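# Chain and residue survey
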Amino acid sequence: MAEYRLGVQLHGHADDVRGICVCGDAGIATSSRDGTVKFWTRNPEKKSEYVLSKTLAGHSSFVGPLAWIRPSDRFSEGGIVSGGMDTFVFLWDLHKGEVVERMKGHNSQVTGLAVDTNGDIISSSMDCTVRRWRNGNAVEVWEAHKVAVQTVLKLPTGELFTGSSDSTIKLWKGRTCIQTFSGHADTVRCLAAMPGLGILSASHDSTIKLWALTGQPLLEMIGHSSLVYSVDAHSSGLIASGSEDRFLKIWKDGVCVQSIEHPGCIWDAKFLENGDIVTACSDGTVRIWTTDTNRFCSDEELAAYTDLISQYTLSRKTVGGLKLTDLPGVEALQVPGNSDGQTLIVREGDNGVAYSWNSAEFKWDKIGEVVDGPGDAAQGQVHDGVRYDFDDPYAVADKWLLKENLPLTYRQQVVEFILQNSGQNNFVPDPSFRDPYTGGNAYVPGGQPSSSNGNAPKQIFKHIPKSGMLSFETAQFDGILKKVTEFNAALSSDSEQKQLSLSETEMSRLPAIVKVLKETSFYHTSKLADADMALLVKILMSWPAKMMFPVIDFLRMFVLHPDGAALVLKTIETGNDVLMETFLKAVAPPVQPANLLTILKAVTNLFDSSCLHQWLRIHCAEIIDSVTNCKSSFSKNAHLAYATLLLNYAVLSIESKDEQSQAQILSAALEIAEDDAQDFDSKYRALVAIGSLMQKGLVKSLALDLDVKSVASSAKASMDSKIAEVGADIELLTR
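Just so you know, these numbers come straight off a predicted model, no measurement behind them. (Residues numbered from 1 in each chain as written. Predicted model: local features only at pLDDT ≥ 70, side-chain atom pairs only at ≥ 80, totals over all residues. Heavy atoms only, no water.)

### Things to note about the overall build of the protein chain
- Tallying secondary structure elements over the protein chain gives 18 helices and 36 strands in all.
- Here the protein chain holds 735 residues, and the buried ones make up 54% of them.
- Excluding contacts between residues fewer than 6 apart, the proportion of contacts in the protein chain whose partners are at least 24 apart in sequence is 50%.
- As displayed, the protein chain offers around 32,200 Å² of accessible surface, 50% of which is attributable to carbon and sulfur atoms. (Helix = DSSP H or I, 4+ residues; strand = E, 2+ residues; numbered from the N terminus. Buried < 20%, exposed > 50% of the residue type's maximum accessible area, 1.4 Å probe, protein only. Contact = heavy atoms within 4.5 Å. Areas by Shrake-Rupley, 256 points an atom, 1.4 Å probe, with all protein chains shown as cover.)

### Focus on the sheet that holds strand S5 (residues 46-57)
- Spatially, the four strands line up as an open sheet ordered S2-S3-S4-S5, and their pairing is antiparallel. Looking at which strands have only one partner, the edges of the open sheet turn out to be strand S2 (17-23) and S5. Neighbour-to-neighbour, the strand axes of this sheet turn through a mean angle of 25 degrees, independent of strand direction.
- In terms of strand pairing, strand S4 (residues 36-43) meets S5 through eight bridges, oriented antiparallel. Each residue of the ladder has a partner; that of Trp-40, found in S5, is Leu-52. (Pairing = 2+ DSSP bridges. Axes fitted to C-alpha atoms, helices over the stretch in contact; angles between N-to-C directions.)

### Overview of the confidence of the model for the protein chain
- Of the residues in the protein chain, 85% reach a pLDDT of 70 or more, and the chain-wide mean stands at 86.
- Note that residues 371-391 has pLDDT below 50 and, in this model, 62 contacts with residues that lie over four places away or in other chains.
- Throughout residues 430-457 the model reports pLDDT below 50, and contacts reaching past four residues in sequence, or to other chains, amount to 44 contacts. (pLDDT = per-residue confidence, 0-100.)

### Description of the UniProt feature "repeat: WD" (unreviewed entry) in the protein chain
- Per the UniProt record, the feature "repeat: WD" (unreviewed entry) sits at residues 10-40, 56-102, 103-133, 142-173, 181-221 and 221-252.
- Counted over residues 103-133, helix gives 0% and strand 55%. Its end C-alpha atoms are 8 Å apart.
- Here residues 221-252 runs as 0% helix and 59% strand, with 10 Å between its end C-alpha atoms. (UniProt positions renumbered as here; feature names shortened; annotations may be inferred.)

### Thoughts on empty space enclosed by the protein
- Taken as a whole, this structure holds six cavities of 30 Å³ or more when the rule is applied.
- One number sums up the size of the largest cavity: a volume of about 110 Å³.
- In this structure, the largest cavity is lined by 14 residues; those nearest its centre are Thr-87, Asn-107, Thr-628, Ala-668 and Glu-671.
- Only helix H12 (620-628) and helix H14 (659-673) provide two or more residues apiece to the lining of the largest cavity.
- The dominant element in the lining of the largest cavity, judged by the number of residues it contributes, is H14, at four residues.
- The class makeup of the residues in the lining of the largest cavity is three nonpolar, six polar and five charged. (1 Å grid on protein atoms, 1.4 Å probe; cavity = no way out; pocket = protein on both sides within 12 Å on 5 of 7 lines; lining within 4 Å. Points joined across faces, edges and corners; volume = space filled by probe spheres on them. Nonpolar A, V, L, I, M, F, W, Y, C, P; charged D, E, K, R; others polar.)

### Thoughts on the sheet that holds strand S8 (residues 89-93)
- As summarised here, the arrangement of the four strands in space is S6-S7-S8-S9, forming an open sheet in which the pairing is antiparallel. The sheet is open, and its two borders are formed by strand S6 (63-69) and strand S9 (98-103), each paired with just one other strand. This sheet shows a mean twist of 25 degrees between the axes of neighbouring strands, independent of strand direction.
- Note: strand S7 (residues 79-84) against S8, five bridges, orientation antiparallel. Its bridge partner lying in S8, Gly-83 is registered against Val-89.

### Brief notes about helix H5 (residues 504-518)
- Taking 1.5 Å of rise per residue, the 15 residues of H5 would be expected to cover 21 Å, and the 22 Å separating its terminal C-alpha atoms lies within 8% of that figure.
- Buried within H5 we find Met-507, Leu-510, Ile-513, Val-514, Val-516 and Leu-517. Buried residues of H5, seen end-on, are gathered within an arc of 155 degrees and therefore sit on one face of the element. With respect to the buried face of H5, the exposed residues turned more than 90 degrees away are Glu-504, Thr-505 and Lys-515. (Expected span 1.5 Å × (residues − 1). Arc of directions from axis to C-beta.)

### Observations regarding the nonpolar core
- Counting 107 residues, the largest nonpolar core has Trp-543, Tyr-642, Tyr-649 and Ile-690 as the members making the most contacts within it.
- Top element by residues in this core is helix H13 (residues 636-656). It accounts for 11 residues.
- Those residues within four positions of Tyr-649 in sequence are excluded, and the remaining contacts are Phe-607, Leu-616, His-619, Cys-620, Ile-623, Ile-624 and Ile-665.
- One finds Ile-250, Ile-260, Ile-266 and Tyr-305 within the second-largest nonpolar core, a separate group that totals 15 residues. (Core = buried A, V, L, I, M, F, W, Y, C linked by side-chain atoms within 4.5 Å.)

### Considerations on the environment of Ile-539
- If you trace the backbone, Ile-539 turns up in helix H6 (residues 530-542).
- The buried category is assigned to Ile-539, whose relative accessible area is 2%.
- Each C-alpha atom of the pair Ile-539 and Val-551 lies 7.3 Å from the other, and the pair is 12 residues apart in sequence.
- Residue contacts for Ile-539: discarding those within four places in its chain leaves Leu-502 and Val-551.

### Side note on unusual backbone geometry
- Of the consecutive residues Ile-464 and Pro-465, the connecting peptide bond is found in the cis state with omega at 0 degrees.
- Following Pro-589, the chain continues to Pro-590 via a peptide bond in cis, the omega torsion being -5 degrees.
- Structurally, Pro-590 is set in the loop between helix H9 (578-587) and helix H10 (593-606).
- Although it is not a glycine, Cys-128 adopts a positive phi angle of roughly 80 degrees.
- Judged by relative accessible area, Cys-128 falls into the buried class, the value being 13%.

Okay, here's the thing in structure tokens:
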């Protein structure tokens, strides 16, 4: 079989390229973490090349799945469907470059798209549902899996399939599941048609499977060393797959016939009709690979790409948890050691070599090569040309001692050396291991070592998990009273709204309430009355929306008083849900930015009182959905209030073990964390929410599916020390 070589590189996206859609003969559409969809067409002057034709910007967060709608009377140049982390499905008119349908209904990231023969759009989501859209409206909605749906596939013959984080594939007839395909050991990330045979599935278990439409597994392809994100098939019988391991693999008859390395993970891979393969890479570049010598790139471009791979691989190569490029050179051996047995690793060419200081002979003795693989230490290391699996450093130590004909009493010393120089600071011995000499978990001459006492070393995080609730406790009461007085006077002077104004007696009560609220140190003895609550309800329920913000601000402080929170709950229990009515009024279009900011802070303060936690749990999804729809009206302070609200909700959902709420909060927090326009404080609170949900909640696997590794990596590189530290906390959780 002819080998694939680099043909074309398409540069234009500012971040990871996440999805590819082959749009017939019209061109190629690509989606990206940068929030855009780009459409590429063949260069009219050089058919083997592509040029950027259109950039479609409308999503507020990264864009994932894409689907193609062929040209028609409605779409003269065709249409593109896109799904985003912002939960929207957009239908674009390619000729106009505009969104013609905005489909809102999912409450989490859109993960898959398909177009039915009748023009219906089918979408899947992390919210566990599949939706069928017709003319912009959802005509069918059903829970397809109990956990996130990762992909959807519609065959021309009518079959509809979904793949999920529950590791299964389901075949649907309408909203009825008629077959469940089980066989993968982890998330099913991508599905593709294999013409004439069945369907292909790519999984986080690092395998690709071919299934008959009856559910019978026909073939398993094993070769990737990490999560497989994408799979596609060509009419020739070839299969292409892309993975976290950075390799595009090409398969024929179940055998990998070629592997092509990339400078980043491959999110998507698709065949063109002519057999060329398009890849979407995390380095922001789209690449086309071909077997046609007429479409090969120039020797200069190929050499530059080869050098890019070499530099990328070298930059990722680590020794003892350190980058190879950070190790000292051999000149470091000219400096004497400080103590007998001191170890030093130096860079010799592309390898790290360990030396031990020999005080008696005043020289460095070479121990041997200790080299991590291109990824982390878990992939094994090389010593004296032999690759060792360091999952059990005791086994490695035994092999080395036997090889060197040294007594086993040195075992623990060698283990400590391995742990120190392989970056395995959190190694926990296998509890099932029994040492042949002692019958214990580890052979320890003369005592139990601190690193092998059978207990897992406690991971230390600087910023997670978050415990307790945050609140907005300061207020300009004089300003609040002044604004309420001003608005009340305006109502009194308006003949049509005079009945909404407060009487002199009611107005005089407000300063008395403020006096109670100001004296926070007396909250344990001071009281608020039913009449105070009734007055607040009257204003909140009757005053026009444009006059609400100072009263909502009053409510924000009112609920911080134990009596105030109890009175609010009492009012709700009588059937008058003043909180929800006020919230809905504040977020109703046209949104008043002042209302939005004050209601965000007020709802955040509700978490301070445990008696209101049940109300918050019940309305979690509605509150987050409604606020998300208002994000275009956010000020900087509103962004911070929203991030604080999500952090409080994260803590509450962890306490209540509410997985569905945790998933929605995680998705919303990731959207903030990925937004480069966010200020440091907002981003920090969103990251703390993410880390807390991963460590103490039920959504760690979902976070990994949502590429939290990239979020953590980006945070670690932040100029803000707090963000960098919480990024490191999250990265530790991904290992």
